[in-house]
Amino acid sequence: MRRALAVMVLGILAVMVLGMLGGGPALAEDVSINAVIEPSVVPVGSEATLVVTVQGKFRRSSQPEIPVLDEFAVYQSGTSQSFSIVNGRRSSSLKFTYVLVPRKEGLYKIEPIRFTVGGKVYTAEPVTVEVVKSSTQLPLPGSGDDEPEYSGEDAHIFIRAKVDRDTVYVNQQVTWTLGFYTDGKVELSKSPYYSAPPAEGFWAEDLPPQKNYYKTINNRKYLVNEIKRGFFPTVPGTYTIGSARVDIVIDDVTSRSFDDFFRRPFSSFGFGDPRSLSTDKIPIVVLRLPARGKPADFSGLVGRGLTIQVRVDKQVVQAGEPINLTLEISGQGNFKTMAAPTVPQMDGFKMYESGSNSDLFKRNYVVAGRKQSKFVLVPRDAGNTVIPPVRLSYFDPIERAYKSIQSAPISMEIKPAEAEQGGRRIIFAGSGEDIQVLGKDINFIHPVPAVLATGTSRFYRSGLFVALHLFPLLAVFVSLAVERRRRRWRDDVSFARSSRAAREASKKLKKASEMEKKDRHEEACAIVSTALREYIADKMNQAASGLTLQDIEGYLVDCGAGAEEQEQLAAVLRTCDGVQYSPSAVGASGTAETIREALDVVRRLEERYLS
């Protein structure tokens, strides 16, 4: 008995130590990565599209690792994400799109392309692209009439930045262009290093590909390399696209005259002449969306040429048979911040969300996209019915007008359910009765020992005495675990952010409550939105900027969060985002209720799913 008790205590200690020292996140299951490049044969200077697809059960926590491609200019063209629930199993799919512009002929194999999930590295099969000679030349030199005279100290090489418009509406695209000008009189000892401009208050998207052409300025011909970037302002006001910087190193030999040899120290030769070129800051005036003509169902959507379509996979079904419905919106606009319209509940149907995905396209330097929301409809009653149109209102910033579109109605024929025999499934429409437990025919038996006896033993022979001798060893293991936890807080940024996420969110929501008491409702709602987005971003170990509602919903689904918590969080974020378009829509009681809902959803997520 004493030996068994000692062995049991040692076993418990071993389990505790392994749990403290060897614990870690579980690896993702059933993850696959695939890479495809199209076209497989591309001329020099043209574009090839590399699509990296990651599928399986995982959380979005990293980007694919693309190898260094010295013979290509590589631009990230966008990311699309979708998730689905099939038979209770959740799966995610991520598509990362890159634009490759080859600089040199040859046959190139792109490998390895890696993606890391839970500490495990997954590698895609290599892809091959053949680069052939281009049949086109750079554009002929321009007249330069639209270029102002350059007044810098050295006109051999310089940069400029400009925008296509300096006054826009909220969520209207501003196309920013950086031009890198060189007349070929100086040589660079290494490739220029480009730093994108900071732009607080904007969503930013790179707009590939890089454009090259010749330009004549002041009777001097320059080769111009252009980089474009799209900016989408999020709130009205006056904001600034900051200064971009290009760091270059000019070859000493080609940039200096012979006399410089006698004036420069010997140690400065052979290392190049480093310089930093900067652009001017550009102010942008962001207008609030007009109140006149705003539709009652307008939710803040800004775009151009939007279309809406609703599709079903079948129009003749039996009662109880599922129907897959897809709602798709497409057109120009920033689809990362574009919320899809809600499908109204329909009498006679049960409706469930089954997934969503979005794609981003960049054609002719204009950001466009497509967003799909998928639902499962289960008809309860037989008969002929119609899925009503889904309406969408948006603001067209070019025409400066509100527009409304809607999908076409869909006729449905619902036949009575049939019970199938012979071991096959039976379909029943409607809800059934609850199962009632009438009784149990198995009870536990507690046997009575045949002999009852009492005994006495000395303390030093007891198991407790042996266990007391193990406490020093336990103290050593506990101290090791505490030190390991301290190191993890210091070195593991993801763990540290996740651990303090709820505490930081509570602080921000307390500040929002203070703003609400001062009747500063718009600021309070902005703080609530920031607190919730940064809370989820800390849990995902990602930057809060660029985190969309779709990313948040996909993450919560992967974590197993309930539909009630997901809808509660989305409702709070939609309420806060809607305040920027209609500040008067939320009063004192509404703001206070929004703050209480935010506190409640953070508490529930932390206790049940994200702790």
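These figures come from a predicted structure and were not determined experimentally.

## Concerning the overall build of the chain
Moving on, step 1. Each helix and strand counted, the chain has 10 helices and 28 strands in total.
Moving on, step 2. Residue burial in the chain is summarised as follows: out of 611 residues, 40% are buried.
Moving on, step 3. Here the analysis covers contacts within the chain between residues at least 6 apart in sequence; of these, 72% occur between residues at least 24 apart.
Moving on, step 4. Carbon and sulfur atoms make up 52% of the accessible area of the chain, which totals about 35400 Å².

## So, the packing of aromatic side chains
Moving on, step 1. Taken as a whole and judged by the stated rule, the model has 11 aromatic pairs.
Moving on, step 2. Relative to Y181, the ring of F158 has its centre 4.8 Å away and its plane inclined at 5°; by these criteria the two rings are stacked. With F158 in strand β10 (residues 157-163) and Y181 in strand β12 (residues 174-182), this residue pair connects regions lying 23 residues apart in the sequence. Accessibility classification places F158 together with Y181 in one group, the buried group.
Moving on, step 3. Arranged with centres 4.9 Å apart and planes meeting at 70°, the rings of Y169 and F395 form a pair that is edge-to-face. Remark: F395 occurs in strand β26 (residues 391-396) and Y169 occurs in strand β11 (residues 167-169); sequence separation between them is 226 residues.
Moving on, step 4. Given a relative accessible area of 12%, Y169 falls into the buried group.
Moving on, step 5. Of the residues examined, F395 reaches a relative accessible area of 0% and is grouped as buried.
Moving on, step 6. Over the ring of Y214 we find K221; its NZ or CZ atom is 5.0 Å from the centre of that ring.

## Overview of the packing of helix α7 (residues 521-540) against helix α9 (residues 563-579)
Moving on, step 1. Where α7 contacts α9, the axes come no closer than 9 Å and their chain directions differ by 140°. One element, α7, and the other, α9, form an angle in the oblique class. The way α7 lies across α9 gives a crossing that is left-handed. From α7, E522, C525, V528, S529, L532, R533 and I536 reach across to α9, where they touch L569, V572, L573, C576, D577 and V579.
Moving on, step 2. Tallied by class, residues from the contact of α7 with α9 come to nine nonpolar, one polar and three charged.

## Things to note about unusual backbone geometry
Moving on, step 1. Looking along the chain, the bond that leaves E38 and enters P39 is cis, with omega of -10°.
Moving on, step 2. For P39, the location among the structural elements is in the loop between β1 (29-38) and β2 (41-43).
Moving on, step 3. In this model, E111 is joined to P112 through a cis peptide bond whose omega is -10°.
Moving on, step 4. With respect to the element layout, P112 can be found in the loop between β6 (106-110) and β7 (114-117).
Moving on, step 5. Despite not being glycine, R400 shows a phi value in the positive range, around 55°.
Moving on, step 6. Position of R400 among the secondary structure elements: in the loop between β26 and β27 (401-406).
Moving on, step 7. Residue R400 is classed as exposed on the basis of its relative accessible area, which comes to 62%.

## Considering the sheet that holds strand β25 (residues 383-387)
Moving on, step 1. With mixed pairing, the three strands of this open sheet are ordered in space as β21-β28-β25. Of all the strands in the sheet, the pair left with one neighbour each is β21 (316-318) and β25. Across this sheet, the average inter-strand angle for adjacent strands is 30°, counted without regard to direction.

## Here we look at the sheet that holds strand β14 (residues 202-217)
Moving on, step 1. The strand order β10-β12-β15-β14 describes an open sheet built from four strands, whose pairing is antiparallel. The sheet terminates laterally at β10 and β14, the two strands that pair on one side only. When the angles between neighbouring strand axes are averaged without regard to direction, this sheet yields 15°.
Moving on, step 2. Here 13 bridges tie β14 to strand β15 (residues 220-233), and the two strands are oriented antiparallel to one another. In the strand pairing of β15, A204 is matched with F231.

## A few points about the pairing of β27
Moving on, step 1. Sheet topology note: the β26/β27 ladder contains six bridges and is antiparallel. Across the sheet, residue F395 finds its bridge partner in β27, namely Y402.
Moving on, step 2. Linking β26 to β27, which pair antiparallel, is a turn of four residues; within it R400 sits at a positive phi near 55°.

Rules behind the numbers
Residues numbered from 1 in each chain as written. Predicted model: local features only at pLDDT ≥ 70, side-chain atom pairs only at ≥ 80, totals over all residues. Heavy atoms only, no water. Helix = DSSP H or I, 4+ residues; strand = E, 2+ residues; numbered from the N terminus. Buried < 20%, exposed > 50% of the residue type's maximum accessible area, 1.4 Å probe, protein only. Contact = heavy atoms within 4.5 Å. Areas by Shrake-Rupley, 256 points an atom, 1.4 Å probe, with all protein chains shown as cover. Phe/Tyr/Trp six-rings, centres within 6.5 Å; stacked < 30°, edge-to-face > 60°. Lys NZ or Arg CZ within 6 Å of the ring centre and 35° of its normal. Axes fitted to C-alpha atoms, helices over the stretch in contact; angles between N-to-C directions. Parallel < 35°, antiparallel > 145°, perpendicular 65-115°, else oblique. Left-handed = near helix turned anticlockwise from the far one by under 90°. Nonpolar A, V, L, I, M, F, W, Y, C, P; charged D, E, K, R; others polar. Pairing = 2+ DSSP bridges.

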